[in-house]
Amino acid sequence: MHRTGELYGQFETLEQQKESAALGMWVFLATEVLFFGGLFMTYTLNRHYYGTAFGVGSNTLDLKLGGVNTVILILSSLTMAMSVWASHIGKRKATTAFLVATLILGTAFLGVKVIEYKQKFDHHLVPGHHFQIDYRAQHPAANDDPKEIEAEKEELSKAFAKDPDLNAHAQLYFSLYFGMTGLHALHMIVGAGMLVWLIRQSIIGRFTPTYNTPVEMIGLYWHFVDIVWIYLFPLLYLIDRHQ
Amino acid sequence: MHTPTSTRAAVGAVYKMPQEHYLNSTYGIRSWLLTTDHKRIALLYLLSVTFFFFVGGMFATIIRIHLMTPRGFLVTPETYNKLFTMHGVAMIFFFLIPSIPAVLGNFALPLMIGAKDLAFPKINLLSWYLYILGGCFVLYSFSTGGLDTGWTFYTPLSSVYSNSAVTPAVLGIFINGFSSILTGLNFVVTVHTMRAPGMTWFRLPLFVWAQYATSIIFILGTPVIAITLLLVGLERMFHLGFFNPALGGDPILFQHLFWFYSHPAVYIMILPAMGVISEIIPTFARKPIFGYSFIAGSSIAIAVIGFFVWAHHMFLTGESVYAALAFSFLSYLVAIPSAVKVFNWTSTLYKGSISWDTPMLYGLGFIGLFLIGGLTGLFLACLGLDIHIHDTYFVVAHFHYIMVGGAVMGYLGGIHFWWPKISGRLYPEYLARVSAIILFTGFNLTFFPQFLLGYLGMPRRYHSYPPEFQVLNVMSTAGASILALGYLLPMIYLVWSLKYGTVAGPNPWPATGLEWKTDSPPPTENFLVTPEVTWEPYDFETRPDLELDHIVAGKLPAPAHGDD
C-alpha cells in the first residue's frame, strides 16, 4: 500500500492508523507475556521442587550488579517516557537526547550483563560438561575474600546434605538463569536496534506533535522489556538468598 | 426448477472479466514475492499449504499401504515411527493451522469488513516468509534423518534419546509459530479498527467472528508452544535438563506446556471452518442464519473455554483424580457452544430454499461429520471410557473426523464458495458435486472402520497389529484411495476453470456479504468507493440491491418485458 506523507494507503485517517498501531503493539506485548510466561512457569515449578539448589544458585548472583542493572533499566524507562513526552510537544532536540540517553542506559545494562556472564563462566556455572556448583569454593581465586569462601563452603555442605543431587539441580537453575536473562537480553538488543533507528528518524525531524507513533510504540516495547526485568530480578536474585 | 448449467451460461452471458483487477494489475515475480496485497498473499499461502498437504498426504499414503497387512510389509518399525510423525507435523503445523486463516481469512476478511487491506500488510507478507522459512527447516529435518518422536514431541525421547533430526524440526515449527502469531495479531487489529462505516460488530459476517476468535487463540496459545519447543531444542543441543528426569527435569511439565497450546490449536483448526459453514448455509438455504449472536458468542466461548481443557490429553499420565475430573467436566462444557452452532445451522436449513451447489454439499457434509467427530470427543473426555480407548485408533478416528471431515471439508467448501471471487470464474459445477460426493464416501470408508478398530483395541502409532484387524485396515486403505481422488479432482478442475470457467460476475450465488458487492476478481484496493453498511447480515429477504443478482443467478424470475 502506498504512503502519502505519514498515512499508509490501507488506512482512511491518521487517527485510524495510530489506533491500529497502538492496538497492534499491545497485542504483540500480550504474546510476549505468554512467551516469557512459559519460561517463568518452568522456573517457578522447579524452584518449588528444588528450593535448596535454587537458593544456592541465587546466592552466587551478584546482588550489587543486579541492583545496579535494575536502577539502570528503570532510569532508561524514565528517559524513554521523557522522549515520548518531548516528541508530543514537538521538541526535536530533547526527543533525540532522551532517546540517546535510553540507548546508553540500555547498552550499560547489557555491559553489566556481560560482566555477570563472564563471572559465571569463570566460576564454572555455565550448564554443560564443566558445570560444577562448588568450583569457586574448591578453587578460590587470589582476590577472593577468605571469609566469603568459608561461608560458601559451609552453605554448600549444608545444601549437599539436604540434596545429594545438588549439582544437577543447580545446573537446572543456571539453565533457567541463562535462558531467562538471555531471552531478556536478546529483547533488549532488538530494542537497542530499534532505538538506533528511532534516533536517526528523530534527527531528520520526522516526529511532530501530530505524528510520533513510532516513538510511542517503541516506548511501549521498551517499558515491557523493563517490566520483564522487574520480575526477573526478584525471582532470580532475591528469593531465598539466605536459608 | 432451474438447471445449474443454464444458470451458469446465463451468468456468463451477462458478465465479462473486469479489465484490471488484483491479478493483472502488476506483472512479474517480484510483484508477487514482494506484494503487500492481502489477496495475493492469500494465493501465495494457497500454493504453499497445498504443497505441504501433498507432503503430509504422501506420508499418509505410505502408512495406509503399509497397514494393509498385519505384520507390516512395507517399512521397518523405526521408519513407521517417522512416517506418522512427519504426517502429523506437516499436516497440523503447515496445512491445517494456516489453511483457512491464511488463505481464506487473508483473502476475504478485509473484503468482508469493507477495508482496503489488513491493518499491517507488510507484516502479512512477513508472516508468509516466516511460514516458508519454518517449512524449509522442517523439510530439511524430514530429508536428513526424519523425525520419529510423534508430532507431540514427548520428552525425553525428543529432547535426549531420539536419533532423528529433532532440532531443525522444532526450530522450523518455532519460526512457523511466529507466522501464526503475526497473522492473528493482524486480524485482531483489523477487525477492531478497519471496519467500514456502518459495519458494527453485530453486522459482521460470522466468518469474521470465527477468524477473530481463532486469532485470540493464535495470540495467546502459540507463544507457549514456541517457548516449549525452544526449550526442547536447547535441551537437546546443550544437554540441559528441563524435561529430562535423569537431570532432575520433569517430562510431565513438557506435556502440560505442550498441550496448553496444542489443545487450543485444535480449535484454531476448527473455528475457521465453522465460520465458513456459517457463510455457506444461509447462502444456499437463502435464509438468514438462525441465532446469529449465539453463533458469534459460541466462537468466543469455544476459544476461551478451550484454554482450560488441555490435560484431557493427559488422563493416563497419573495426574490427580481431582484434576482429571475438572478437565473432563470442562471438556464436556466446551462441547456446548459447538452444539449450539450445529443446532443453529440445522435450524437455518429448516424451511429454507435449499440449493445443492458444491459449497452446500461440503457444508452439509461438515455438519454430519463434525457431529460424529465432536460426539466421539465426548466419549474420550469421559474418564472411565478414556482408560480403554486412549492411544487407540478410536482417538485417530475422532480427530480425523474433525480435522478432515470437519476442517478440510470446511476449507474446500470455502475454496469453492469464494472461488468466483478469487478467480473471477466459476468451477464446473457437476464435476465439483461428483467430486464432493467421492470425497465424502472415501472419507467415511477410510475413517469409520478406525472407530471400530480402536474400540476393539488396536493401538495407534503401531506398525503392526493382530491379524483379526486386517479386514478393517484394508477397508480403511481402500477408502483412502477414494479420498485421494476426491482431493485430486478439485486441484485439476479449479486450475482448468482459471482459463475455461464461465465468467462469474460479482455475485454468482448470490450471497449477502460485502465481498460480493465488488468485482470478481476484485481490484487491488478492493472497493472503488468505501462502502457504507446499512443492512443486517444474511438479509436475503429485504436487500433490494441483491435482486438483480438473484435474477441473473436464476433464483428469481426475470421481470417481463415492458416492466422497466
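Here the structure is a predicted model, which means the values were calculated and not measured. (Residues numbered from 1 in each chain as written. Chains lettered and ligands numbered in written order. Predicted model: local features only at pLDDT ≥ 70, side-chain atom pairs only at ≥ 80, totals over all residues.)

Engineer: What should I look at first to understand the overall build of chain B in this one?
Structural biologist: For chain B, the count of helices and strands is 17 helices and 0 strands. Overall, the C-alpha framework of chain B stretches about 85 × 50 × 45 Å when taken along its three principal axes. Here chain B holds 564 residues, and 57% of them are scored as buried. Taking all contacts inside chain B whose residues are at least 6 apart in sequence as the whole, residues at least 24 apart take part in 85%. (Helix = DSSP H or I, 4+ residues; strand = E, 2+ residues; numbered from the N terminus. Buried ≥ 20, exposed ≤ 12 C-beta atoms within 10 Å, placed from the backbone. Contact = placed C-beta atoms within 7 Å.)

Engineer: Which parts of the structure should I look at to understand the overall build of chain A?
Structural biologist: In terms of helices and strands, chain A carries 8 helices and 2 strands. Order of helices (α) and strands (β) in chain A, N terminus to C terminus: β-β-α-α-α-α-α-α-α-α. When burial is assessed residue by residue, chain A has 35% of its 243 residues classed as buried.

Engineer: Whenever I open this one, the packing of helix 1 (residues 14-49) of chain A against helix 8 (residues 206-238) of chain B confuses me. Can you help?
Structural biologist: Two quantities define a packed helix pair, namely the angle between the helix axes and the distance between the axes. For the pair helix 1 of chain A and helix 8 of chain B, the least separation of the axes is 8 Å and the interaxial angle reads 40°. As helix 1 of chain A packs across helix 8 of chain B, the resulting crossing turns out to be right-handed. Of the residues in helix 8 of chain B, those touching helix 1 of chain A at Val 27, Ala 30, Thr 31, Leu 34, Phe 35, Gly 38 and Leu 39 of chain A are Ile 219, Leu 220, Pro 223, Val 224, Ala 226, Ile 227 and Thr 228 of chain B. By residue class, the composition of the contact of helix 1 of chain A with helix 8 of chain B is 11 nonpolar, 3 polar and no charged. (Axes fitted to C-alpha atoms, helices over the stretch in contact; angles between N-to-C directions. Left-handed = near helix turned anticlockwise from the far one by under 90°. Nonpolar A, V, L, I, M, F, W, Y, C, P; charged D, E, K, R; others polar.)

Engineer: So what exactly am I meant to see when it comes to the packing of helix 4 (residues 77-113) of chain B against helix 14 (residues 393-423) of chain B here?
Structural biologist: Residue and element names in this part refer to chain B. With their axes 11 Å apart at the nearest point, helix 4 and helix 14 run at an angle of 20° to one another. Classed by the angle they form, the pair helix 4 and helix 14 counts as roughly parallel. Of the two elements, helix 4 crosses helix 14, and the hand of that crossing is left-handed. Contact residues: helix 4 offers Leu 96, Ser 99, Ile 100, Leu 104, Phe 107 and Ala 108, while helix 14 offers Met 403, Ala 407, Gly 410, Tyr 411, Gly 414, Trp 418 and Ile 422. (Parallel < 35°, antiparallel > 145°, perpendicular 65-115°, else oblique.)

Engineer: Help me understand the interface of chain B and chain A, please; the structure alone is not making it clear to me.
Structural biologist: Think of interface size as the accessible area that goes away when the parts come together; that is how it is often given. Taken together, the contacts link 31 residues of chain B with 28 residues of chain A. Among the secondary structure elements, those contributing two or more residues to the side of chain B that touches chain A are helix 7 (166-193), helix 8 and helix 9 (251-285) of chain B. In terms of residue count, the dominant contributor to the side of chain B that touches chain A is helix 8 of chain B (9 residues). Within the side of chain B that touches chain A, the residues separate by chemical class into 21 nonpolar, 8 polar and 2 charged.

Engineer: Please clarify how the nonpolar core should be interpreted in this entry.
Structural biologist: Nonpolar side chains in soluble globular proteins tend to be buried together. Residues and elements named next belong to chain B. Counting residues in each nonpolar core, the largest one holds 214 residues, and the members touching the most others are Ala 90, Ile 113, Val 208, Leu 271, Ala 273 and Ala 407. Ranked by residues supplied to this core, first place goes to helix 4 with 23 residues. Excluding residues that lie within four positions of it along the chain, Val 208 makes contacts with Leu 109, Met 112, Ile 113 and Val 191. (Core = buried A, V, L, I, M, F, W, Y, C linked by C-beta atoms within 7 Å.)

Engineer: How should I be thinking about the confidence of the model for chain B in this particular structure?
Structural biologist: Model confidence for chain B is summarised by a mean pLDDT of 94, while 97% of its residues fall at 70 or above. Two numbers describe this predicted complex: its pTM, 0.95, and its ipTM, 0.94. (pLDDT = per-residue confidence, 0-100.)

Engineer: Looking at this structure, I do not really get the environment of Ala 97 of chain A. What am I missing?
Structural biologist: Residues and elements named next belong to chain A. Position of Ala 97 relative to the elements: it lies in helix 4 (residues 92-122). Ala 97 sits in the partly exposed class, given 17 other C-beta atoms within 10 Å. Residues Ala 97 and Ile 199, spaced 102 residues apart in sequence, show a C-alpha to C-alpha distance of 8.6 Å.

Engineer: Whenever I open this one, helix 8 of chain B confuses me. Can you help?
Structural biologist: Note: α-helices contain 3.6 residues per turn, so residues at a spacing of three or four share the same orientation. All names here are of chain B. Across its 33 residues, helix 8 extends 47 Å between first and last C-alpha, which sits within 8% of the 48 Å expected from 1.5 Å per residue. At Gly 221, helix 8 shows its maximal kink, close to 30°; a proline, Pro 223, follows between one and four residues later. Within helix 8, 29 of the 33 residues are buried, which leaves the element mostly enclosed by the surrounding structure. Phi turns positive, to about 55°, at His 239, one or two residues after helix 8. (Expected span 1.5 Å × (residues − 1). Bend = angle between axes of the 7 residues up to and from the residue.)

Engineer: Mind showing me how you'd approach helix 9 of chain B here?
Structural biologist: All names here are of chain B. Over its 35 residues, helix 9 runs 51 Å from end to end, which matches the ideal 51 Å to within 8%, given 1.5 Å per residue. The largest bend along helix 9 measures about 30° and falls at Trp 259. Most of helix 9 is tucked away: 31 of the 35 residues are buried. Positive phi appears at Arg 286, one or two residues downstream of helix 9, with a value of about 45°.

Engineer: Would you explain the environment of Phe 366 of chain B in this entry?
Structural biologist: With respect to the element layout, Phe 366 of chain B can be found in helix 12 (residues 358-381). Considering only alpha carbons, one finds Phe 366 of chain B and Val 208 of chain B, 158 residues apart in sequence, at a separation of 19 Å.

Engineer: Teacher, can you tell me more about unusual backbone geometry here?
Structural biologist: With the exception of glycine, the majority of residues adopt a negative phi angle, and the majority of peptide bonds are in the trans configuration. Residue and element names in this part refer to chain B. A cis amide bond links Trp 509 with the next residue in sequence, Pro 510, at an omega value of -5°. Inspection of the secondary structure puts Pro 510 in the loop between helix 16 (470-500) and helix 17 (547-552). The step from Ser 520 to Pro 521 runs through a cis peptide bond, and the omega angle for that step is -10°. Even without being a glycine, Asp 391 presents a positive backbone phi close to 60°. Relative to the helices and strands, Asp 391 is located in the loop between helix 13 (383-389) and helix 14. Owing to 14 C-beta atoms within 10 Å, Asp 391 belongs among the partly exposed residues under this scheme. For Arg 461, which is not glycine, the phi torsion reads 65° and is therefore positive.

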